[in-house]
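Next come the chains, spelled out residue by residue.
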Amino acid sequence: MTEPIVSLDYHQKGCRQVQWHPTANNVLMSVGADQKVVIWNVGTGEPLRIIECHPDVIFSVAFNYQGSKIVTTCKDKLIRVIDARTGEVIEKGKGHDGAKSSRAIFLKDGSIFTTGFSKMSERQYSLRDETMLDDPIIMVEVDTSNGILVPIYDIDTGLLFVTAKGDSQIRYFEVNMEQPPYVHYINTFLSSDPQRGLGVMPKRGCDIGLNEIFRLYKLHGNGRVEPIRFYVPRKSDSFQTDLYPDTISDTPALSADEWWVEKKDVDPILISLKGGYQAKSAQTLTVAKKSNALDKMPMKGRDTSAAVNDMSDGGSDDSAHENSAPLAPAPVKVCMIRV
């Protein structure tokens, strides 16, 4: 890949995070070091909404299940729930007390899971109601390491994986809002090598014949990528309906105009994995930028040089730029979950 299909130019400083909308086609959210959140229509290459309610560095953003709201954490130690269309702050409340970076994500039922630090630099996680952000349902201290905990959520099984860059362990929990303390510790995956980053395989790519329920890709310091698979051992060879509820498909539930203009909010389209996932033909993105009336006016000395999109880190405290080494085959780490 050498040529972009579309270039989205707005942030005056580095772009720190991007996330696709969970239900609307070609709607993207970006976060910049300029303290702004931008909602894009990638199909037209234009920003739909510029959100400018943060007075300091934005640490994280995440959509809710339908994509109608976003939750953010900021250096001012506040958690904000924001209307994704209007940019209006619906709720805000005090987050973790520590000065280091924090993270927040929506769970499927609308609860908010956060990670951060205490005043004594102890790593923490919490569960909160979005309408009472100042009063966590639970607040648990994890350890005193320096890495910034990042939550990874499996919406199908309710599993939460919590780890950090530089850690060699991955803790995983089950979220059950009917049984206190609601976030139940299951186990810890241990490794001898710290990770530089983690990627997630969509549930559609997991091996249902072997009862694989989750797969992570661990990036090592030398550029090697290692798959980490999580299995639930079962004697039966039949399809396990309790392990594989209908999962999010690769078909968007809404068009960009239905979400933005008609203001529709719907759940993602779900598919069954019984019999295996059958991939559809790849979608071709066609960019149709809206006409600009200024182009019809006479202009002198028009600059035809290409614009350079600055995607630098912008001084993030938990990211680094290094040349990627060629990927080498890696052994597969397996974690068994007994239920």
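(A) Structural view of the overall build of the protein chain. Secondary structure summary: the protein chain contains 1 helix and 22 strands in total. Looking at the 339 residues of the protein chain, the share that counts as buried comes to 42%. Relative to all contacts within the protein chain whose residues are 6 or more apart in sequence, the contacts with residues 24 or more apart total 49%. Looking at the protein chain as shown, the accessible area adds up to about 18400 Å², and 51% of this sits on carbon and sulfur atoms.

(B) Geometry of unusual backbone geometry. Here Pro-180 and Pro-181 are connected by a cis peptide whose omega angle stands at 5°. Topologically, Pro-181 is positioned in the loop between strand 15 (169–175) and strand 16 (183–190). Positive phi is not limited to glycine here, since Gln-35 has a value of about 70°. Locating Gln-35 in the fold gives a position in the loop between strand 2 (27–32) and strand 3 (37–41). One non-glycine residue with positive phi stands out, namely Lys-263, at about 55°. With respect to the secondary-structure elements, Lys-263 resides in the loop between helix 1 (256–260) and strand 21 (270–271). The exposed category is assigned to Lys-263, whose relative accessible area is 54%.

(C) Here's a closer look at the sheet that holds strand 9 (residues 103–106). As summarised here, the arrangement of the 4 strands in space is 9-10-11-12, forming an open sheet in which the pairing is antiparallel. Of all the strands in the sheet, just strand 9 and strand 12 (138–143) have a single pairing partner and so form its edges. Averaged over all adjacent pairs, the angle separating strand axes in this sheet is 15°, with direction ignored. Relative to strand 10 (residues 112–117), strand 9 runs antiparallel, the two being bridged by 4 bridges. Bridging across to strand 10, Phe-106 finds its partner in Ile-112.

(D) The packing of aromatic side chains, seen in detail. Taken as a whole and assessed by the stated rule, the structure comprises 10 aromatic pairs. Plain terms: the ring middles of Trp-259 and Trp-260 are 6.1 Å apart, the flat faces sit at 35° to each other, and that makes the pair tilted. The exposure class assigned to Trp-259 is buried, which follows from its relative accessible area of 0%. Above the face of the Tyr-277 ring, Arg-204 is positioned so that its terminal group lies 5.6 Å from the ring centre.

(E) Molecular detail of the nonpolar core. By size, the foremost hydrophobic cluster in this structure holds 21 residues, and its most contacted members are Val-71, Leu-107, Ile-112, Phe-113, Leu-160 and Val-183. Secondary structure elements with two or more residues in this core: strand 7 (78–83), strand 9, strand 10, strand 11 (123–128), strand 14 (159–164) and strand 15. In this structure, Leu-160 is in contact with Ile-105, Leu-107, Phe-113, Pro-151, Ile-152, Tyr-153, Arg-171, Tyr-172, Phe-173 and Val-175, ignoring residues within four places of it in sequence. Formed by 17 residues, the second largest nonpolar core is a distinct cluster that contains Met-29, Val-31, Leu-48 and Ile-70.

(F) Region of the structure containing the side chain of Glu-226. The residue Glu-226 is located in strand 19 (residues 225–231) in this model. A distance of 2.7 Å separates the side chain of Glu-226 from the side chain of His-220, its partner in a polar contact.

(G) Just the pairing of strand 8 (residues 89–94), in detail. By the bridge criterion, 5 bridges tie strand 7 to strand 8 in an arrangement that is antiparallel. Note that in strand 8 the partner of Ile-79 across the bridge is Gly-93.

(H) Just the sheet that holds strand 8, in detail. On the basis of which strands lie adjacent, the open sheet formed by 4 strands has the order 5-6-7-8 and antiparallel pairing. With one partner strand each, in any of the chains shown, strand 5 (58–63) and strand 8 form the two edges of the open sheet. Strand-to-strand, the axes of this sheet are offset by a mean angle of 15°, without reference to chain direction.

(I) Representation of the pattern of salt bridges. Enumeration according to the criterion identifies 15 salt bridges in this entry. As a salt-bridge pair, Asp-154 and Lys-203 come within 3.2 Å of each other at their nearest N and O atoms. On the criterion of sequence distance, the pair formed by Asp-154 in strand 13 (residues 149–154) and Lys-203 in the loop between strand 17 (197–200) and strand 18 (212–219) is long-range, its members being 49 residues apart. Per residue, the accessibility class of Asp-154 equals that of Lys-203, and both read buried.

(J) Up close: the side chain of Arg-215. With respect to the helices, strands and loops of the structure, Arg-215 is situated in strand 18. Polar contacts involving the side chain of Arg-215 include one to the main-chain carbonyl oxygen of Gly-205, which spans 3.1 Å. At 3.0 Å, the side chain of Arg-215 forms a polar contact with the side chain of Tyr-217. Discounting residues that sit within four places of it in the chain, Arg-215 has contacts with Gly-199, Val-200, Met-201, Gly-205, Cys-206, Asp-207, Ile-228 and Arg-229.

(K) Structural context of the environment of Lys-280. Of note, Lys-280 is situated in the loop between strand 21 and strand 22 (333–336). Using a relative accessible area of 56% as the deciding quantity, one classes Lys-280 as exposed. Separated by 29 residues in sequence, Lys-280 and Thr-251 place their C-alpha atoms 9.2 Å apart. With near-sequence residues (within four places) excluded, Lys-280 lies in contact with Asp-250 and Thr-251.

Cut-offs used in this document
- Residues numbered from 1 in each chain as written.
- Predicted model: local features only at pLDDT ≥ 70, side-chain atom pairs only at ≥ 80, totals over all residues.
- Heavy atoms only, no water.
- Helix = DSSP H or I, 4+ residues; strand = E, 2+ residues; numbered from the N terminus.
- Buried < 20%, exposed > 50% of the residue type's maximum accessible area, 1.4 Å probe, protein only.
- Contact = heavy atoms within 4.5 Å.
- Areas by Shrake-Rupley, 256 points an atom, 1.4 Å probe, with all protein chains shown as cover.
- Pairing = 2+ DSSP bridges.
- Axes fitted to C-alpha atoms, helices over the stretch in contact; angles between N-to-C directions.
- Phe/Tyr/Trp six-rings, centres within 6.5 Å; stacked < 30°, edge-to-face > 60°.
- Lys NZ or Arg CZ within 6 Å of the ring centre and 35° of its normal.
- Core = buried A, V, L, I, M, F, W, Y, C linked by side-chain atoms within 4.5 Å.
- Polar contact = N/O pair within 3.5 Å; in protein donor to acceptor, adjacent residues only side chain to side chain.
- Salt bridge = Lys/Arg side-chain N within 4 Å of Asp/Glu carboxyl O.

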